[in-house]
Amino acid sequence: MDWFTRNSSPLSLLSALADANVAYKAAIGVVLLTLLIQKFKPAKSRPYNLFPTWASIEIAIATYALQGDGLGRRVFSSIRRYGGSLYGVTSKHQVLAQYPDLDRILSQSYHHLIAEPVQYTIMTRVFGDCESPDLQRKLLISRKDLMIPLERLFLNEAAASAAIDKAFIHREAASLVTFSSNYSEMKRWERSADIKVLAPALNGNPGVAEANLQSLTRDFGACMSIPLLYGKDFLDRYPQLLDDFWKFDNDMFAMLMIGVPTWLPFKAIREGRAAKTRLLREMEALYRRIDQYQRGDPVDFGADMSDLGTPPLERNKIFVRDDWSFEERATADFTILWAQNANTQPMLFWFLVYVYSTPGLLDRIREEISSYVNLSKNFPHDILSIDIPALSRNCQLFKACIFETYRMVNEPTSVRYVAKPMTLTDGDFEHKLQPGTFVSVPYTLDNYDPAIFSDPEQFTPERFLEMDTESGKPAARYGRLRPWGVGAAMCKGRTFAEKEIVTAGAAIISLWDINPVGNVWELPPSMPGTGVKKPVKDIRVAISQRKM
């Protein structure tokens, strides 16, 4: 998914930590120290400005304060620099909130509002430590060519469906839980879920196990998607990959985005820095193997490179052509690994939580998808085949549940750099946006606006069902929802991500009964994540094989 346009809301660090007093005070101290350091840090010469570290905090505060018409909105409105839909304390960065003509503004000429400075900021500040004029030059030369292989896979309907089909998600879903108490015999995705077998699957009786649902489903999705790009050998050769990935995503991403020094002596920073170092080291080693493979040289460790996805192979040819170092290649593709998994896998978790916990919804979904998920007659059931295009095309309530999950937990924010002067007409206001400044659009404000979505705190997928005039049947439509951003820089992985959620969601729903331990669904409070909210604690569930 496109981390460039969406994920400044992850940067909602302050409101996330406000639930814990000690952590909150520590975070405030870190933020203040960071801002002080940034104030006196010498500026580098660049062709454009980097996204300011403090702007991420401003987005977080604005998103929190502007929900509703309470004191927060009034205070923030009183200190902003401009009026109308612009909320920002300085001229360097403005938050564009609930602007009525947003689609037109963000979809206009790409030469006025561009994403490259934001992309470069995230790549160097968060994912790597290799900022240099030489890297800027290489990005300018290579950027468009590097995106083409990803767009062919992630945006093309047929290519995305074919890739998802190659992951055999429908087959692997039958082993979501193996009912093994032996750690070494568990599937990779089970190992973080604290599995406790309550009843083994014996004599035709369903097995039952307790598990942490977020960890289980999140890692299941990652184990399905990562080999599609980087091959099974990469996942198998790096046993700590998933732990390091989520450690970096949960504990380090936001810290790096606001410029927190990595030398600060906090456990989360120390462990997050170590996880990032290992991830970059393994990505660099992978690209050395890819290079060896393409040159026809012996591959380190005799690694199997036969199932690599097309994008890294094509991207490496461009890296070689434009003289990218292996360190730079690792940083560039670390961003792709993160974008592929950081939001899609948590979204799968939330989708399943809402479907299983909403009274009556599970049975309706199972009935709707049953024609396109072919189950074996014998027990325990397997999925013999799954029709991914038909699920997307014909299961409108199923799709509406996905859209409503986006609305409930997705936190998309588009960030643009003003490259040329432009005028923004805003009711009685006329704003002059100056080159070298940034504009951010937090879509979460619309997602929870009762004037747009009635009863916004309630999970109501039917809100996205509209009657199709041609077919006379309900059809799921996005309406005012903008989960992928808007304009030319909107999420490049949107087609692939949605098909992965469709496939994994349909497979799990068809094969597994999931109930909360204690038999009462109590959804925990959530906090901002890196684009998708995360629960303050995992949900403990009892999982059993569905018996038809």
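Our subject is the structure that appears above.
These figures come from a predicted structure and were not determined experimentally.

As a further point, take the overall build of the protein. If you tally the helices and strands in the protein, you get 21 helices and 17 strands. By principal-axis analysis of the C-alpha atoms, the protein measures approximately 70 × 60 × 55 Å. Residues classed as buried in the protein amount to 57% of the 548 residues present. In the protein, once contacts between residues fewer than 6 apart in sequence are set aside, the share between residues at least 24 apart is 73%. When the accessible area of the protein is evaluated, it comes to approximately 23300 Å², of which 52% is carbon and sulfur surface. Each charge class in the protein can be summarised by its mean position, and for the 64 positive and 63 negative side chains these summaries are 4 Å apart.

Another point: helix H17 (residues 361–369). Taken as a whole, H17 has its buried residues at Leu 361, Leu 362, Ile 365, Arg 366 and Ile 369. End-on view of H17: buried residues confined to an arc of 130 degrees, all on one side of the axis. Opposite the packed face of H17, turned more than 90 degrees from it, sit the exposed residues Asp 363 and Glu 367. At its buried positions, H17 is contacted by helix H16 (344–357), strand E6 (373–375), helix H18 (388–394), helix H19 (396–409), helix H21 (494–511) and strand E14 (512–516).

Attention now moves to the environment of Arg 393. Tracing the backbone shows Arg 393 in helix H18. Judged by relative accessible area, which is 51%, Arg 393 ranks as exposed. With 83 residues separating them in the primary sequence, Arg 393 and Ala 476 have C-alpha atoms 9.7 Å apart.

Turning to the environment of Tyr 120, a few remarks are in order. By the element assignment, Tyr 120 lies in helix H7 (residues 116–127). C-alpha of Tyr 120 to C-alpha of Ser 175: the two residues are 55 residues apart in sequence and 40 Å apart in space.

Right, let's get into the side chain of Asn 341. Tracing the backbone through its elements, the reader meets Asn 341 in helix H15 (residues 326–341). Of the polar contacts made by the side chain of Asn 341, one reaches the side chain of Ser 225; its length is 2.6 Å. The contacts of Asn 341, once residues within four sequence positions are left out, are Ala 222, Ser 225, Ile 226, Phe 245, Trp 246 and Pro 346.

What follows concerns the sheet that holds strand E17 (residues 540–545). The four strands lie next to each other as E4-E5-E17-E14, forming an open sheet whose pairing is antiparallel. This sheet does not close on itself; its edge strands, each paired only once, are strand E4 (196–199) and E14. On average, each strand axis in the sheet is inclined to that of its neighbour by 30 degrees, with strand direction left out of account. Looking at chain direction, strand E5 (residues 208–212) and E17 are connected through five bridges and run antiparallel. When the bridges of E17 are listed, Ala 211 appears paired with Val 541.

This part takes up the state of the cysteines. Taken as a whole and assessed by the stated rule, the structure comprises zero disulfides. Not engaged in a disulfide, the cysteine Cys 401 finds its nearest cysteine sulfur in Cys 395; these two sulfurs lie 11 Å apart.

We now examine the sheet that holds strand E3 (residues 113–114). Spatially, E1-E2-E11-E8-E3 is the arrangement adopted by the five strands of the open sheet, whose pairing is mixed. If you trace the sheet from one side to the other, it starts and ends with strand E1 (86–87) and E3, each paired once. Examined bridge by bridge, E1 and strand E2 (residues 93–96) share two bridges and lie antiparallel to one another. By the bridge assignment, Leu 86 is partnered in E2 with Leu 96. Across the face of the sheet, helix H4 (residues 53–65) comes into contact with E2, strand E8 (413–418) and strand E11 (438–442) while running at roughly 25 degrees to E2.

As a further point, take the environment of Ala 211. Among the secondary structure elements, Ala 211 is positioned in strand E5. Contact partners of Ala 211, with chain neighbours within four places excluded, come to Ala 193, Asp 194, Ile 195, Leu 216, Ile 539, Arg 540, Val 541 and Ile 543.

Reading guide: rules and limits
- Residues numbered from 1 in each chain as written.
- Predicted model: local features only at pLDDT ≥ 70, side-chain atom pairs only at ≥ 80, totals over all residues.
- Heavy atoms only, no water.
- Helix = DSSP H or I, 4+ residues; strand = E, 2+ residues; numbered from the N terminus.
- Buried < 20%, exposed > 50% of the residue type's maximum accessible area, 1.4 Å probe, protein only.
- Contact = heavy atoms within 4.5 Å.
- Areas by Shrake-Rupley, 256 points an atom, 1.4 Å probe, with all protein chains shown as cover.
- Lys, Arg positive; Asp, Glu negative; His and termini not counted.
- Charge placed at Lys NZ, Arg CZ, Asp CG, Glu CD.
- Arc of directions from axis to C-beta.
- Polar contact = N/O pair within 3.5 Å; in protein donor to acceptor, adjacent residues only side chain to side chain.
- Pairing = 2+ DSSP bridges.
- Axes fitted to C-alpha atoms, helices over the stretch in contact; angles between N-to-C directions.
- Disulfide = S-S within 2.5 Å.

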